[in-house]
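The primary structure of each chain is shown beneath.
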Amino acid sequence: MLPIKQLAILGGSPAFREPLHVGRPNIGDRQQFMDYANQIFDNRWLTNHGPFVKQFEQELSGLLGVKHCITICNATVALEIAIRALGMQGEVIVPSFTFIATAHSLQWQGITPIFADIDPRTHNLDPRSVEKLITPRTTGIIGVHLWGRPCEIDALQQIANARNLKLLFDSAHAFGCTYQGKMIGNFGDAEVLSFHATKFFNTFEGGAIVTNDDDLAARIRLMQNFGFAGYDDVVYVGTNGKMSEISAAMGLVNLKSLDEFTDANCRNYHKYQQEINTIPGLSLIQYDESESCNFQYIVLEVDQQDTGLSRDHLLETLQAENVLARRYFWPGCHRMEPYRSYFPNASLSLPETEKVAARVLVLPTGTTLGEREIEIVCNILRIALDNADAISQRIRD
Ligand SMILES: Cc1ncc(COP(=O)(O)O)c(C=O)c1O
């Protein structure tokens, strides 16, 4: 037991001097990155599909075993482009328990996101809920592989085939993960990856659309570059979704450390699992370790009935110790604007989303965190639960 004399929320000193973050960037070989940056300056080719972007796209395609990889400036723009290139319109079914970008990328282009409920065991889109929401205006489904755990791909594909709908996956969390032994990136009509700084693999900002469909890939390439088919030849409405050379260089550097990042996450996950298994009322989501997995999220579920402490009070307790845990995807997209105003009764049809959003807490992990920090975090959790009444009283006062 590591000594914590008094919890900070009850008047003690914080356990950590420096804050522990969720999603602190992993950074590969700095010298290699500096060398690449110098090459970019020597080339005087900063963006517009330069040699670093080309190489990064090739390496990503090879790693994922997918025919086409189009790197994009971030995953939100990648979702917008993929949605448009797929011809989605009218209504598209999405989970509400996701990052707001999944819904906004539709609404931004006048398409209505229709929120389906999740399976509480997986936190992913429930295909039964999806089926019930299909109307004549539905043109597609966007599944999200939340926390990197693949959603029910086969069931969603069957619905899409039967109802002639497009199927896109928001795979922002699932880079490096597999479904039935096959890399995420090969499913649906296309998949979108995020390489944002908070993801375990980053290009500062960045993302990619991956697909095995030649025509779709060609449309996406045009749309990400203003619709230019040649020097003075614009054939579509397009946008600027290009990835810069410096981001691609960061991606190439970080690809070399991908195994190291994943191993650190995996070690941390097992350490958290070992500790949290001994704390009644708390559980960690499970990863299917027979598949490849990036273990990038440490997702705690807090059962207030068993712990006597609410998720939010536990969060305040951790924050007081400088453990900056986060309530991910709370309160759900349907409770944020503009969707809250559009669908004031949505919560009635999203009971599982509401319950999961109220009990999830994401804990810090990544290459900057080690065993000792995890032991201290878990001791804070233990002591917090032992002092549940005093903490609730202090917060109420
Ligand atoms: C599920 C999900 N979709 C989309 C995005 C948007 O990614 P980006 O920040 O690269 O635009 C994120 C997160 O950051 C996400 O978590």
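Owing to the predicted nature of the structure, the values given are computational and were not obtained by experimental measurement.

Draft legend 1. Geometry of the overall build of the protein chain. Scanning the protein chain for helices and strands turns up 15 helices and 16 strands. Radius of gyration (C-alpha) of the protein chain: 22 Å, near the 21 Å computed for a compact globule of 397 residues. Relative to its full complement of 397 residues, the protein chain shows a buried share of 55%. Within the protein chain, contacts between residues at least 6 apart in sequence are counted, and of these 70% link residues at least 24 apart. Total accessible area on the protein chain stands at roughly 17600 Å², and carbon and sulfur atoms take up 48% of it.

Draft legend 2. Broad picture of the sheet that holds strand 13 (residues 282-284). Across the sheet, which stays open at both edges, the 3 strands sit in the order 13-14-16 with antiparallel pairing between neighbours. Two strands lie at the open edges of the sheet, namely strand 13 and strand 16 (360-363), each paired on one side alone. Here the average twist between neighbouring strands, direction ignored, is 30°. As paired elements, strand 13 and strand 14 (residues 298-302) share 3 bridges and run antiparallel to each other. The residue of strand 14 that forms the bridge with Ser-283 is Glu-301.

Draft legend 3. Just the nonpolar core, in detail. Trp-147, Tyr-272 and Ile-276 are the most contacted members of the largest nonpolar core, which totals 54 residues. Contributing elements (two or more residues each) for this core: helix 9 (258-276), strand 13, strand 14, helix 11 (311-320), helix 13 (351-359), strand 16, helix 14 (371-386) and helix 15 (388-396). A total of 9 residues in this core trace back to one element, the largest contributor, which is helix 14. Formed by 32 residues, the second largest nonpolar core is a distinct cluster that contains Val-94, Cys-333, Tyr-339 and Ala-346.

Draft legend 4. Expanded view of empty space enclosed by the protein. For the structure shown, the criterion picks out 2 cavities of 30 Å³ or more. Each pocket or cavity is described by its volume, and for the largest cavity that value is around 120 Å³. Of the residues assigned to the lining of the largest cavity, the class counts are 7 nonpolar, 7 polar and 2 charged. Around the second largest cavity, the lining residues are Ala-172, His-173, Phe-175, Ser-194, Phe-195, Lys-199, Phe-200, Phe-201 and Gln-296. Residue composition of the lining of the second largest cavity, by class: 5 nonpolar, 3 polar and 1 charged.

Draft legend 5. Looking closely at the site of the ligand. Near the ligand lie 15 residues; those nearest to it are Thr-76, Asp-170, His-173, Ser-194 and Lys-199. Contact distances for the ligand include 2.9 Å between an oxygen atom and a backbone N or O atom of Ala-75. Note that an oxygen atom of the ligand is positioned 2.8 Å from one of the side-chain N or O atoms of Ser-194. Protein burial of the ligand: of its 390 Å² of free accessible surface, 92% is covered by the chains. Most atoms of the ligand, that is more than half of them, are within 2 Å of grid points of the largest pocket. At the level of secondary structure, the elements contributing two or more residues to the shell around the ligand comprise helix 3 (75-85) and helix 4 (100-107). A breakdown of the residues in the shell around the ligand according to their chemical character gives 5 nonpolar, 8 polar and 2 charged.

Draft legend 6. Structural detail: the packing of aromatic side chains. Within this structure, the stated rule accounts for 23 aromatic pairs. Put simply, the rings of Phe-56, Phe-175, Phe-195, Phe-200 and Phe-201 touch in pairs and so form one group of aromatic residues. Its end group placed over the ring of Trp-330, Arg-327 keeps NZ or CZ at 3.9 Å from the ring centre.

Draft legend 7. Spotlight on the packing of helix 2 (residues 51-64) against helix 8 (residues 245-256). Between helix 2 and helix 8, whose axes approach to 8 Å, the crossing angle comes to 40°. Classified by the angle between their axes, helix 2 and helix 8 sit oblique to one another. Every pair of crossing elements has a handedness; the one defined by helix 2 and helix 8 is left-handed. When helix 2 is examined against helix 8, the residues Pro-51, Phe-52, Val-53, Gln-55, Phe-56, Glu-59, Leu-60 and Leu-63 are found in contact with a partner set consisting of Glu-245, Ala-248, Ala-249, Gly-251, Leu-252 and Leu-255. Partitioning the contact of helix 2 with helix 8 into residue classes produces 10 nonpolar, 2 polar and 2 charged.

Rules and cut-offs
- Residues numbered from 1 in each chain as written.
- Predicted model: local features only at pLDDT ≥ 70, side-chain atom pairs only at ≥ 80, totals over all residues.
- Heavy atoms only, no water.
- Helix = DSSP H or I, 4+ residues; strand = E, 2+ residues; numbered from the N terminus.
- Rg over C-alpha atoms; globule rule 2.2 N^0.38 Å.
- Buried < 20%, exposed > 50% of the residue type's maximum accessible area, 1.4 Å probe, protein only.
- Contact = heavy atoms within 4.5 Å.
- Areas by Shrake-Rupley, 256 points an atom, 1.4 Å probe, with all protein chains shown as cover.
- Pairing = 2+ DSSP bridges.
- Axes fitted to C-alpha atoms, helices over the stretch in contact; angles between N-to-C directions.
- Core = buried A, V, L, I, M, F, W, Y, C linked by side-chain atoms within 4.5 Å.
- 1 Å grid on protein atoms, 1.4 Å probe; cavity = no way out; pocket = protein on both sides within 12 Å on 5 of 7 lines; lining within 4 Å.
- Points joined across faces, edges and corners; volume = space filled by probe spheres on them.
- Nonpolar A, V, L, I, M, F, W, Y, C, P; charged D, E, K, R; others polar.
- Near = heavy atom within 4 Å.
- Polar contact = N/O pair within 3.5 Å; in protein donor to acceptor, adjacent residues only side chain to side chain.
- Sits in = over half its atoms within 2 Å of the grid points.
- Phe/Tyr/Trp six-rings, centres within 6.5 Å; stacked < 30°, edge-to-face > 60°.
- Lys NZ or Arg CZ within 6 Å of the ring centre and 35° of its normal.
- Parallel < 35°, antiparallel > 145°, perpendicular 65-115°, else oblique.
- Left-handed = near helix turned anticlockwise from the far one by under 90°.

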